[in-house]
Amino acid sequence: MTVPAWRRDTHENGNKEGYEDATTAAEKLLKHTMQKLNGKAGREYFSKSETFTKRVPLLKTARKIYRLCKKANLIYPTKVWNFKKRQKLVLKAILTTDDMFTYLTLFNEEKHIPQIEFWTGLVVKVDKLLRSWIKSDERRKQALKEKKRALREERLKSAESLKSQP
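Since the structure is predicted, the reported quantities are computational estimates derived from the model, not experimental observations.

**Student:** How would you sum up the overall build of the protein chain? Please name residues and give values.
**Tutor:** Within the protein chain, the secondary structure is distributed over five helices and zero strands. In the protein chain, the order of α-helices and β-strands from amino to carboxyl end is α-α-α-α-α. Counting only residues that meet the buried cut, the protein chain has 36% of its 166 residues in that class. In the protein chain, once contacts between residues fewer than 6 apart in sequence are set aside, the share between residues at least 24 apart is 70%.

Set out below in structure tokens:
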């Protein structure tokens, strides 16, 4: 049985307790959103008439964040264009977290949502993890470029040494 890339324990902090990456944080956000919307308190707060104006947008954005994180995590960058492709997905996820935060604040202004601080805290946590993901990818991309540059120089030196031999 294969394990999905986002569930693999390959990260240097993977074995440490309390470690969380953007995908698992997005999964927690999605689960909390579903629980909040479908639970008894959710039915009390979001009436049946508000299903399509409040419930559906929140659920769609939470699902989209999770889906984008999973897609980005499935890309294993070995070339520079892979980093760019993954960065586009992560940026879309960041924009979607902003949408989620906006929805929550707007709906809270209309009528107070119980335990809104925890919910928005999950959104902010996902946003921070996504932003740090972009930074770490930039460092990896620079390291890959340096490695390629060093390999190219090494090949040029070996080619020159072969030319100089009789």
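**Student:** An account of the packing of aromatic side chains is needed here, citing residue identities and associated values.
**Tutor:** Tallying each qualifying case throughout the model produces one aromatic pair. Geometrically, the ring pair formed by Tyr103 and Phe107 is stacked, given 5.9 Å between the ring centres and 10° between the ring planes. Separated by four residues within a single helix, Tyr103 and Phe107 lie in helix H4 (residues 80-110), roughly one turn from each other. Judged by relative accessible area, Tyr103 falls into the partly exposed class, the value being 28%. The buried category is assigned to Phe107, whose relative accessible area is 7%.

**Student:** Can you tell me about the packing of helix H1 (residues 22-38) against helix H5 (residues 116-164), naming the residues and giving the values?
**Tutor:** With their axes 9 Å apart at the nearest point, H1 and H5 run at an angle of 160° to one another. Classified by the angle their axes make, H1 and H5 are roughly antiparallel. Crossing angle aside, the handedness with which H1 passes H5 is left-handed. Taking contact as the criterion, the partners of Ala22, Ala25, Ala26, Lys28, Leu29, His32, Thr33, Lys36 and Leu37 in H1 are, on H5, Phe118, Trp119, Leu122, Val123, Val126, Leu129, Leu130 and Trp133. Across the contact of H1 with H5, the residue classes break down as 13 nonpolar, two polar and two charged.

**Student:** I'd like to hear about unusual backbone geometry, residue by residue, with values.
**Tutor:** Here Gln115, not a glycine, exhibits a phi torsion of approximately 55°, which is positive. Considering the arrangement of structural elements, one finds Gln115 in the loop between H4 and H5.

**Student:** Please give an account of the pattern of salt bridges that cites residues and values.
**Tutor:** Summed over all chains, the structure comprises nine salt bridges. Across the salt bridge formed by Asp127 and Arg131, the nearest N and O atoms sit 2.9 Å from each other. With Asp127 and Arg131 both in helix H5 and four residues apart, this pair spans about one turn of that helix. Residue classification places Asp127 among the buried residues on the basis of a relative accessible area of 17%.

**Student:** How would you explain the nonpolar core if you had to name every residue and give the values?
**Tutor:** Residues Leu29, Leu58, Met100, Leu104, Trp119 and Leu130 are the most contacted members of the largest nonpolar core, which totals 33 residues. Ignoring anything within four residues of it in the chain, the contact list for Met100 reads Leu29, Thr33, Leu58, Thr61, Ala62, Ile65, Trp119 and Val123.

**Student:** Account for the confidence of the model for the protein chain, with residues named and values stated.
**Tutor:** Overall, the predicted model of the protein chain reaches an average pLDDT of 85, with 88% of residues at or above 70. Within the protein chain, helix H2 (residues 40-45) has the poorest average pLDDT of any element, 75, and H4 the best, 94.

**Student:** An account of the environment of Lys54 is requested, with residue identities and associated values reported.
**Tutor:** Mapped onto the secondary structure, Lys54 falls in helix H3 (residues 51-74). Sequence spacing of Lys54 and Leu106 is 52 residues, and the spatial spacing of their C-alpha atoms is 9.9 Å. Setting aside its immediate chain neighbours within four residues, Lys54 contacts Tyr45, Phe46, Phe107 and Glu110. A polar side-chain atom of Lys54 sits 2.9 Å from a polar atom in the side chain of Glu110.

Definitions and limits used
Residues numbered from 1 in each chain as written. Predicted model: local features only at pLDDT ≥ 70, side-chain atom pairs only at ≥ 80, totals over all residues. Heavy atoms only, no water. Helix = DSSP H or I, 4+ residues; strand = E, 2+ residues; numbered from the N terminus. Buried < 20%, exposed > 50% of the residue type's maximum accessible area, 1.4 Å probe, protein only. Contact = heavy atoms within 4.5 Å. Phe/Tyr/Trp six-rings, centres within 6.5 Å; stacked < 30°, edge-to-face > 60°. Axes fitted to C-alpha atoms, helices over the stretch in contact; angles between N-to-C directions. Parallel < 35°, antiparallel > 145°, perpendicular 65-115°, else oblique. Left-handed = near helix turned anticlockwise from the far one by under 90°. Nonpolar A, V, L, I, M, F, W, Y, C, P; charged D, E, K, R; others polar. Salt bridge = Lys/Arg side-chain N within 4 Å of Asp/Glu carboxyl O. Core = buried A, V, L, I, M, F, W, Y, C linked by side-chain atoms within 4.5 Å. pLDDT = per-residue confidence, 0-100. Polar contact = N/O pair within 3.5 Å; in protein donor to acceptor, adjacent residues only side chain to side chain.

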